[in-house]
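Overview (structure and organization)
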Amino acid sequence: MGFKAKERKHKEARGESSDKKKAAKTGELPCGIRSCQGWADKSLGGRSISRIDVQDIWGDGSFSESKGRVKVCKPCYRVYKKETKDDKEY
Ligand SMILES: [Zn+2]
């Protein structure tokens, strides 16, 4: 696969992005769940949760972790809360 070299040529291009349809809120931290397009920035309601819980809910290898924690966006955190609530019976 050799498209890495091609990509490098475009590096000179100025930061003009052609897709302006993405006017929605953008953050800096992408959600740790690979299938999710959300943002895990704290200002956008993102949270950091244990990778073990994430593994339980989303499955092995479907997320990216950092130091045992996974940064997730707000909707994903909701899913997590719902899931863990059902599990624990106090
Ligand atoms: Zn998410």
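Residues numbered from 1 in each chain as written. Predicted model: local features only at pLDDT ≥ 70, side-chain atom pairs only at ≥ 80, totals over all residues.

1. Overview of the overall build of the protein
Which entries qualify depends on this criterion: A run of H or I in DSSP counts as a helix once it spans at least four residues, and a run of E counts as a strand once it spans at least two, with each numbered from the N terminus. Contacts here follow a simple rule: the backbone-placed C-beta atoms of the two residues must lie within 7 Å.
Scanning the protein for helices and strands turns up three helices and two strands. Across the protein, helices and strands are ordered from the amino to the carboxyl terminus as α-β-α-β-α. In the protein, the proportion of contacts linking residues at least 24 apart, taken out of those at least 6 apart, comes to 53%.

2. Here we look at unusual backbone geometry
Peptide bonds are, in most cases, trans, and in most cases residues other than glycine have a negative phi. At Lys67, a residue that is not glycine, the phi angle is positive and equals roughly 55°. By the element assignment, Lys67 lies in the loop between helix 2 (51-58) and strand 2 (69-72).

3. Examining the nonpolar core
Generally speaking, a soluble globular protein has its nonpolar side chains buried in company with each other. What counts here: Joining buried Ala, Val, Leu, Ile, Met, Phe, Trp, Tyr and Cys residues through C-beta atoms within 7 Å gives a set, and that set is a nonpolar core. Partly exposed residues are those whose C-beta has more than 12 but fewer than 20 other C-beta atoms within 10 Å; with 20 or more the residue is buried, with 12 or fewer it is exposed, and the C-beta atoms are placed from the backbone.
Counting 13 residues, the largest nonpolar core has Cys31, Ile33, Val72, Cys73 and Cys76 as its most contacted members. Put simply, the parts of the chain that give this core at least two residues each are helix 2, strand 2 and helix 3 (74-87). Here Cys76 is in contact with Cys31, Ile33, Cys36 and Gly38, once residues within four sequence places are set aside.

4. Things to note about the confidence of the model for the protein
Quick note on the threshold: Each residue carries a pLDDT value, the predictor's own confidence for that position, ranging from 0 to 100.
Mean pLDDT over the protein: 82, with 68% of residues reaching 70 or higher. Least confident of the elements in the protein is helix 1 (residues 3-9), whose mean pLDDT is 58; most confident is strand 2, at 98.

5. As for the environment of Ser62
Assignment of secondary structure puts Ser62 in the loop between helix 2 and strand 2. Assessed through the 14 C-beta atoms surrounding it within 10 Å, Ser62 is described here as partly exposed. Taking the C-alpha atoms as reference points, Ser62 and Cys36, 26 residues apart in sequence, are found 9.8 Å from one another. Excluding its chain neighbours within four sequence positions, the residues that come into contact with Ser62 are Ile33, Arg34 and Ser35.

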